[in-house]
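Chain by chain, the residues:
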Amino acid sequence: MIKLALVGYGKMGKMIESIAPKDQFTITGTYDVINPVKEHLKNGSDVAIEFSTPASVIENIEFLSSRGIDVVCGTTGWYNKADIVKDIIKKYGTGFIYASNFSVGVNIFFNIVKNASKLMSNYPQYDTGIKETHHTQKLDKPSGTAIRIAEYLLEGIKSKKSFINDSQNPEPNEINIISERLTDVVGRHEVDFESEADTISLVHNAKSRRGFAEGALLAEKFIKGKKGFYKFEDFFCDLKI
Ligand SMILES: NC(=O)c1ccc[n+]([C@@H]2O[C@H](COP(=O)([O-])OP(=O)(O)OC[C@H]3O[C@@H](n4cnc5c(N)ncnc54)[C@H](O)[C@@H]3O)[C@@H](O)[C@H]2O)c1
């Protein structure tokens, strides 16, 4: 049984609580901006899942690590402070795993794109593009997931050198990421390989936040009792689902 603290109890914290199997996880406490973990931590947590805000995440990681609690971190927007977090984890000798996208399906999709990009580099008659669609509340553009997809494509397709967003006239060596914002779309990513003869499309379409929560729980099982700083994507293929 894993004793789990939920730090950040918004949309993601509540989704994790609703799907965590009761025979594998005990939720020891839920914490948010009006019930901060630093002041209200209850005893006896092995691991914390942290989905809060960029402004609070580093302080939460430091506090949890200082109490010997391993951290699964889903909060985004702190990666320019990764060195600070690495030092914290080293100092307290705890375990830490993070992902900008914990979705199991998206991580499978990353691996499909990685393999497809190697294959498609043999067929220069195909041009490559990305289309991402999200709900209208999403502030960033292109999505972090679309950028990661572009990076995987750039690793495999040697004729492409960089990506660009919403270009009307991309250079042949650029991957164009087209961003669309529509109501009620959780997140859709499409990779198109286009020739004069046909189009090959790969699509991931999220139906809800459930996939992120499933991945975070998977990461939790992975990190419990480990020491060090881990990125979910690097270990995804080794995780037991
Ligand atoms: N990595 C992924 O797969 C993934 C998936 C979805 C969302 N996210 C990210 O996770 C974060 C949270 O997303 P959400 O949709 O649940 O947001 P949300 O706005 O619904 O919830 C944020 C929560 O953080 C709490 N919070 C604020 N300050 C806090 C503090 N000092 N200590 C503890 N909690 C505090 C708020 O009270 C709220 O409960 C965002 O950064 C988002 O980009 C990541």
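Treat the numbers as computed from the prediction; the structure is a model and nothing was measured. Counting restarts for each chain: residues are numbered from 1 in the order of the written sequence. Reporting in this predicted model follows two pLDDT cut-offs: at least 70 for local features of residues, and 80 or more for side-chain atom pairs to be given and counted; totals over whole chains, interfaces and linings ignore these cut-offs and use all residues. Calculated side-chain values reflect all of the structure's heavy atoms, with hydrogen atoms and water omitted.

Thoughts on the side chain of Thr75
Keep this limit in mind: Here a helix means four or more residues in a row that DSSP labels H or I, a strand means two or more in a row labelled E, and each is numbered from the N terminus. Distance and chemistry together define a polar contact, namely a pair of N or O atoms within 3.5 Å, with one atom able to donate a hydrogen and the other to accept it when in protein, and with adjacent residues in sequence counting only for side-chain atoms on both sides.
Along the chain, Thr75 turns up in the loop between β4 (70-73) and α4 (82-92). Within polar-contact distance, the side chain of Thr75 engages the backbone nitrogen of Ser52 at 2.7 Å.

A few points about the packing of aromatic side chains
This is how it is decided: Whether two aromatic rings pair depends on their centres lying within 6.5 Å, for rings of Phe, Tyr and Trp, where Trp uses its six-membered ring; planes under 30 degrees apart make the pair stacked, over 60 edge-to-face, and the rest tilted. The rule for a charge over a ring is simple: NZ of Lys or CZ of Arg within 6 Å of the ring centre, and within 35 degrees of the ring normal.
Enumeration over the complete set of coordinates arrives at 14 aromatic pairs. Through pairs of rings, three or more aromatic residues link up here, namely Trp78, Tyr79, Phe96, Tyr98 and Phe229. The aromatic ring of Tyr9 is capped on one face by Lys14, whose charged end is 5.0 Å from the ring centroid. The cationic tip of Lys86 hangs over the ring face of Phe229; the distance from NZ or CZ to the ring centre is 5.2 Å.

Side note on the site of the ligand
What counts is decided by this rule: By convention in this text, a residue qualifies as near a molecule or strand provided that one of its non-hydrogen atoms is within 4 Å of it. Residue polarity follows a fixed list, in which Ala, Val, Leu, Ile, Met, Phe, Trp, Tyr, Cys and Pro are nonpolar, Asp, Glu, Lys and Arg are charged, and the others, Gly among them, are polar.
Lys11, Met12, Thr76, Ala99 and Phe102 are the nearest of the 21 residues found near the ligand. Within the contact set of the ligand, an oxygen atom lies 2.9 Å away from a backbone nitrogen or oxygen of Met12. At 3.4 Å, a side-chain N or O of Asn60 approaches a nitrogen atom of the ligand. Within the shell around the ligand, the residues separate by chemical class into 8 nonpolar, 11 polar and 2 charged.

Concerning the domain arrangement of the chain
To keep it simple, the criterion reads: The domain limits used here are those given by an automatic or database domain assignment. Buried area adds together the accessible area that both of two parts lose upon being put together, with accessible area traced by a 1.4 Å probe. We define a salt bridge as a side-chain nitrogen of Lys or Arg found within 4 Å of a carboxyl oxygen belonging to Asp or Glu.
Each assigned domain of the chain is listed with its residue range as follows: domain 1 (2-102 + 210-238) and domain 2 (104-206). Relative placement of domain 1 and domain 2: their C-alpha centres are 29 Å apart. Surface buried jointly by domain 1 and domain 2 totals about 790 Å² across both partners, of which 53% is contributed by carbon and sulfur atoms. Where domain 1 touches domain 2, the interface holds 1 salt bridge. Of the charged contacts, one joins Arg148 and Glu233 as a salt bridge, the two residues approaching to 2.8 Å between their closest N and O atoms. Taken together, the links from domain 1 to domain 2 amount to 5 residue pairs in polar contact (both at pLDDT 80 or more).

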